[in-house]
Amino acid sequence: MRDRPLHPIAIPHWQPAAAFRPLISAPWWQWLASQDSLTERLTAAGDARPFRVRLLSQRLGVPRRDEAQALGLAPRRLAWLREVALCLDERPWVVARSVAPLTQLRGQRLDGLGERSLGSWLFRQPDLERGPIELTRRPAPFHPGRGPWGRRSVFRHGDFAVLVQEYFLASMAEALGLPSR
Ligand SMILES: C=C(O[C@@H]1C=C(C(=O)O)C=C[C@H]1O)C(=O)O
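Keep in mind that this is a model prediction, so the values were computed, not measured.

Describing the overall build of the protein chain
- The helix and strand tally for the protein chain stands at six helices and eight strands.
- The N-to-C order of helical and strand elements in the protein chain reads β-α-α-α-β-α-β-β-α-β-β-β-β-α.
- For the protein chain, whose C-alpha radius of gyration is 16 Å, the value lies close to the compact-globule estimate of 16 Å for 181 residues.
- Its C-alpha atoms put the protein chain at 55 × 45 × 30 Å along the principal axes.
- The buried share among the 181 residues of the protein chain stands at 46%.
- A sequence separation of at least 24 residues applies to 68% of the contacts in the protein chain between residues at least 6 apart.
- Each charge class in the protein chain can be summarised by its mean position, and for the 27 positive and 17 negative side chains these summaries are 6 Å apart.

What follows is the structure in structure tokens.
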């Protein structure tokens, strides 16, 4: 038997969304492929449930290797790291980790976001561009919640770039009656 390369389980394995398409049910595809604000979609889907961003962590740190690669950042460079749970009725439906290179952070007051949604700020930027969406079946490496899919894409506005990684949890599928994948 040939040796297979070893992938530590905690490192997400990202693929272009199209590569996973045959495995994705139509309702999940709507969630994964959408280009607009997830904050707004969740708020709408949650119906009367109150939406809240729960801040898990916000700090300077070294991005993971796959994150640095996605941003075209040299290894071991410090970046702004933010981890949140997007909650409906205090239950996490999505957990997200965002990574922004420091060199492009000048002038951006992201530290002040607190429990306001990053999306509510991002989608107000008129020149916002979103890179291709990639997917993983691996769970969030920073949170115990489990779910069917994770997705990521890079947002750019002027010199500012941020990699947003969003992991959809089983609790969301359950609450909305979505299929398992
Ligand atoms: C990028 C968006 O913002 C959401 C809010 C986040 C935050 O506040 O840290 C992180 C990821 C997103 O799911 C969005 O609404 O699409």
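Having seen it, we continue.
Thoughts on the UniProt feature "binding site: substrate" (unreviewed entry) in the protein chain
- UniProt's feature table lists "binding site: substrate" (unreviewed entry) at R82, L118 and E166, given in the numbering used throughout. These annotated residues cover 85 residues of sequence, but their C-alpha atoms sit close together, with the largest distance between any two at 12.2 Å.
- Note that L118 resides in helix 5 (residues 118-122).
- If we skip the residues at most four places from it in the chain, L118 touches R82, S98, L110, L113, V162 and V164.
- One can find E166 in strand 8 (residues 160-168).
- For E166, the side chain forms a polar contact with the side chain of R151, separated by 2.6 Å.

Considerations on the site of the ligand
- In the vicinity of the ligand lie 15 residues, with L38, T39, R82, L118 and E166 positioned nearest.
- Measuring from an oxygen atom of the ligand, one finds a side-chain N or O atom of S37 at 2.9 Å.
- At 2.7 Å, a side-chain N or O of R82 approaches an oxygen atom of the ligand.
- Calculation on the ligand without its partners gives an accessible area of 380 Å², and the protein chains cover 100% of this total.
- With three residues, strand 3 (residues 79-88) is the single largest residue contributor to the shell around the ligand.
- For the shell around the ligand, the residue count by class is eight nonpolar, four polar and three charged.

Some points on unusual backbone geometry
- One non-glycine residue, R76, lies in the positive phi region at around 70°.
- Looking at where R76 falls in the secondary structure, it is placed in the loop between helix 4 (65-71) and strand 3.
- One non-glycine residue with positive phi stands out, namely D89, at about 55°.
- As for its position among the elements, D89 is in the loop between strand 3 and strand 4 (91-101).
- Judged by its relative accessible area of 48%, D89 is partly exposed.

About the criteria used
- Starting from 1, residues in each chain are numbered consecutively following that chain's sequence as written.
- Confidence filtering applies because this is a predicted model: local features only for residues at pLDDT of at least 70, side-chain atom pairs given and counted only at 80 or more, and all residues used for totals across whole chains, interfaces and linings.
- Side-chain measures here rest on the full set of heavy atoms in the structure, leaving out hydrogens and waters.
- Helix and strand definitions follow DSSP, with helices as H or I runs of at least four residues and strands as E runs of at least two, each counted in order from the N terminus.
- Atoms counted for the radius of gyration: C-alpha only. Globule rule: 2.2 Å times residue count to the power 0.38.
- When a residue's accessible area, from a 1.4 Å probe over protein chains only, is under 20% of the maximum for its type it is buried; when over 50% it is exposed; and in between it is partly exposed.
- Residue contacts are counted whenever heavy atoms from the two residues lie within 4.5 Å of one another.
- When charges are counted, neither His nor the chain ends are considered; positive counts come from Lys and Arg and negative counts from Asp and Glu.
- To locate a charge, take NZ of a lysine, CZ of an arginine, CG of an aspartate or CD of a glutamate.
- UniProt positions are given in the numbering used here, feature names are shortened, and annotations may be inferred rather than shown by experiment.
- Pairing of N or O atoms within 3.5 Å defines a polar contact, subject to two protein rules: one partner must be a possible hydrogen donor and the other a possible acceptor, and residues neighboring in sequence count only if both atoms are side-chain atoms.
- Any residue with a heavy atom lying within 4 Å of a molecule or strand is counted as near it.
- Note on areas: these come from Shrake-Rupley sampling with a 1.4 Å probe, and a residue is covered only by the protein chains present in the view.
- When residues are sorted by character, Ala, Val, Leu, Ile, Met, Phe, Trp, Tyr, Cys and Pro go into the nonpolar class, Asp, Glu, Lys and Arg into the charged class, and all the rest, Gly among them, into the polar class.

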